[in-house]
Amino acid sequence: MSTDAKPAGLTKRDGGINWATLRGDFPILHETVNGHPLVYLDSAASSQKPRQVIDAIRHHYEHHNANVHRGIHELSNRATEAYEAARQRVAEFINANSRDEIVFTRGTTEGLNLVAQTWALENLREGDTILLTEMEHHSNLVPWQMLAQRIGAQLDFIEITGDDGELDLQWLDEQLARARLLSLTHISNTLGTVNPVVEICARARDAGVVTVVDAAQSAGHTPVNVQSIGCDFLAFSGHKTCGPTGIGVLYGRRELLEAMPPYQGGGEMIAKVEYRDVTFNVVPHKFEAGTPNVAGAVGLHAALDYLDAIGRDSIFEHDQRLAKRACEQLGEIDGIRLFGPSEGRSAVMSFILPDVHALDLATMADQKGVALRAGHHCNQPLLAKLGVPATARASFYFYNTEDEVDRFIEVIHHVRKLFA
Ligand code: 7TS
């Protein structure tokens, strides 16, 4: 089942995609900000939504809205069908074996907390080691700290090599030999590093270590295939993949999901309840207590159809083209410190200028309609390791253009002149 969320603006130019026409599908990209046409360079925080996703949510509320898995009335059946069709679509999007391996969550953060509070709480013991990397978002660090403090487990970290932000894998086998679980990000939200998750998960599997992949920055930008990655769990957020906020996905291998205790208790997640006893529902419903975000799932379904109509390979190529253009022009600025790899990186670009504080830059860029982010990007330990309190960050997506990269660079030069 698919939605009719095809990109109306998908046209060809010189045999390839005409990226500029896709912008017509995104109403918000035509906003004016502080008297200037908006240049939205904060898609790593949240992506914008095409009309097709907004329409799908509206259509759901106008024609199919009711609670799911409950009624025997027509609307409830339609809502249930739409919700389960979205689950099937997610399974196809990441190539899971079955839709039973797809748990709907509020987002990446909830997916990671779910694994920490169920699989890990059940299976890890005092003294066990949880292996992370030094570039994890707080969402893939704090849940493990909380668990480790509760059960007396310890954390270990795969280090980064320096400003180029690659993982130092020379000790990986030794680290894996001591670990029970490895949780790592696919793409860094600050450095733009694309981690070799296939190789890392294969080595973890050989060592008998359970793997969790944080795909928040990758799922909407590059093909993500859980079977070729070979991970045990993977989480991502709808709002970074052109879908709505408040919906996300946790993939888990079926055997693991089946053996795990539930996350929260309530409606939907039960098969039978007595005053003093309960039998839980089958997976994935066992992990979805309470009325789910049905409209969110419907919007996510439309978003995934939209992205796949463009093609995630093409999106990644476009991301990389923009990143390269930005990197080259930023690289010409005297004294700039540019973080992340110089090649094969994603379209997330962090930097600090020699003469302007990141927060000042982002504030002044906003005056020119350019939306940047400045701060620690929920990567405080990483920034401490790099020895900086904050960076400025530009993050691109397929609806950004080369002209917008150039406007971003112009704004940087403008701000530097003011501060000179
Ligand atoms: N993991 C990574 C790698 C992320 O980049 C983010 C959000 C999360 C997890 C959490 O996702 P959520 O949808 O559950 O909040 N990253 C960012 C960011 O870079 N700027 O704002 C949010």
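Going along each chain's sequence as written, the residues are numbered from 1 onward. At least 70 in pLDDT is required for a residue's local features to be given in this predicted model, at least 80 for side-chain atom pairs to be given and counted, and no such filter applies to totals for whole chains, interfaces and linings, which use all residues. Note that water and hydrogens are dropped before the side-chain values are worked out from all heavy atoms of the structure.

**Q** Quick one: what's the story with the site of the ligand, residue by residue and with numbers?
**A** Nearness is defined per residue: one heavy atom within 4 Å of the molecule or strand is enough. The environment of the ligand is made up of 16 residues, and the closest members are Thr 109, Asp 214, Ser 237, Arg 373 and Arg 393. Between N or O atoms, a polar contact is any pair within 3.5 Å; within protein, one atom must be a potential hydrogen donor and the other a potential acceptor, and residues adjacent in sequence are included only when both atoms are from side chains. One nitrogen or oxygen atom from the side chain of Lys 240 is found 2.9 Å from a nitrogen atom belonging to the ligand. All accessible-area figures derive from a Shrake-Rupley calculation using a 1.4 Å probe, and residue coverage is judged against the displayed protein chains alone. Contact with the protein chains hides 87% of the accessible area of the ligand, taken as 490 Å² for the molecule alone. Across the shell around the ligand, the residue classes break down as three nonpolar, nine polar and four charged. As annotated, the domain borders come from an automatic or database domain assignment. Counting only domains with at least three residues in the shell around the ligand, you end up with domain 1 (12-49 + 311-419) and domain 2 (56-308). All amino acids are sorted into three groups, where Ala, Val, Leu, Ile, Met, Phe, Trp, Tyr, Cys and Pro are nonpolar, Asp, Glu, Lys and Arg are charged, and the leftover types, Gly among them, are polar.

**Q** Break down the nonpolar core for me, with residues and values.
**A** The biggest cluster of nonpolar side chains holds 72 residues, and the ones touching the most others in it are Ile 94, Phe 104, Leu 182, Leu 234, Phe 236 and Phe 398. In DSSP terms, a helix is any run of H or I states spanning at least four residues, a strand is any run of E spanning at least two, and both are numbered starting from the N terminus. For this core, the leading source of residues is helix H10 (residues 294-310), giving ten residues. The two domains that each donate at least three residues to this core are domain 1 (12-49 + 311-419) and domain 2 (56-308). Setting aside anything within four residues of it in sequence, one finds Leu 234 in contact with Val 213, Ala 215, Val 224, Val 226, Ile 229, Val 249, Leu 250 and Tyr 251. In these notes, a set of buried Ala, Val, Leu, Ile, Met, Phe, Trp, Tyr and Cys residues joined through side-chain atoms within 4.5 Å is what counts as a nonpolar core. Each residue gets one of three labels from its accessible area relative to the maximum for its type: buried under 20%, exposed over 50%, partly exposed in between, using a 1.4 Å probe on protein chains only. Contacts were defined at the residue level, with two residues in contact if any of their heavy atoms lie within 4.5 Å.

**Q** Please give an account of helix H7 (residues 197-206) that cites residues and values.
**A** Listing the buried residues of H7 in full gives Val 197, Ile 200, Cys 201 and Ala 204. On an axial view of H7, the arc spanned by its buried residues comes to 95°, and they lie on one face. Buried residues belonging to H7 abut helix H6 (172-178), strand S9 (181-185), strand S10 (210-214) and helix H8 (226-229). The positive-phi residue at the C-terminal boundary of H7 is Gly 208, with phi of around 70°. This arc describes the spread of directions from the helix axis toward the C-beta atoms.

**Q** Kindly report on the side chain of Arg 393, identifying the contributing residues and their values.
**A** By the secondary structure assignment, Arg 393 is in strand S19 (residues 391-395). Polar side-chain contacts of Arg 393 include one of 2.8 Å to the backbone oxygen of Asn 189. Aside from chain neighbours lying at most four places away, what touches Arg 393 is Leu 41, Asp 42, Ala 44, Ala 45, Asn 189, Val 348, Met 349, Ser 350, Leu 372, Arg 373 and His 377.

**Q** So what about the sheet that holds strand S15 (residues 337-339)? Which residues, and what values?
**A** One open sheet holds the four strands; their spatial order is S15-S16-S19-S18, and the pairing between them is antiparallel. Where the open sheet ends on each side, the last strands, each with one partner, are S15 and strand S18 (373-375). Each neighbouring strand pair of the sheet contributes to a mean axis angle of 25°, computed without reference to strand direction. Between N-to-C directions, angles span 0 to 180 degrees; the directions come from axes that are lines fitted to C-alpha atoms, helices contributing only their stretch in contact. Packed onto the sheet, helix H11 (residues 312-331) meets S15 and strand S16 (348-352) and runs at close to 10° relative to S16. The pairing criterion is simple: DSSP has to find at least two bridges between the two strands.

**Q** Describe the packing of H10 against H11, listing the residues and the values that go with them.
**A** Contact geometry of H10 with H11 gives a least axis separation of 6 Å together with a crossing angle of 75°. One element, H10, and the other, H11, form an angle in the roughly perpendicular class. When H10 is examined against H11, the residues Leu 307, Asp 308 and Ile 310 are found in contact with a partner set consisting of Arg 312, Ser 314 and Ile 315. The residue inventory of the contact of H10 with H11, partitioned by class, reads three nonpolar, one polar and two charged. Here the word oblique covers every angle except those under 35 degrees (roughly parallel), over 145 (roughly antiparallel) and from 65 to 115 (roughly perpendicular).

**Q** Outline the side chain of His 186, listing residues and values.
**A** Its location among the elements puts His 186 in the loop between S9 and H7. His 186 has contacts with Thr 193, Val 194, Asn 195, Val 197, Val 213, Asp 214, Ala 215, Ser 218, Thr 222 and Val 224, leaving out every residue within four places of it along the chain.

**Q** Provide a residue-level description of the pattern of salt bridges, including the pertinent values.
**A** A pair is scored as a salt bridge if a Lys or Arg side-chain nitrogen falls within 4 Å of a carboxyl oxygen belonging to Asp or Glu. Within the structure shown, the criterion is met by 25 salt bridges. The residue Glu 199 makes a salt bridge to Arg 203 at a minimum N-O spacing of 2.7 Å. Here Arg 203 and Glu 199 lie together in helix H7, a separation of four residues that amounts to about one turn. On the basis of relative accessibility, which here comes to 37%, the residue Glu 199 falls in the partly exposed class. In this structure Arg 203 comes out as partly exposed when scored by relative accessible area, which is 23%. Connected through shared salt-bridge partners, Arg 89, Asp 305, Asp 308 and Arg 312 make up one network.

Interpretation in functional terms is not warranted from these geometric data alone.
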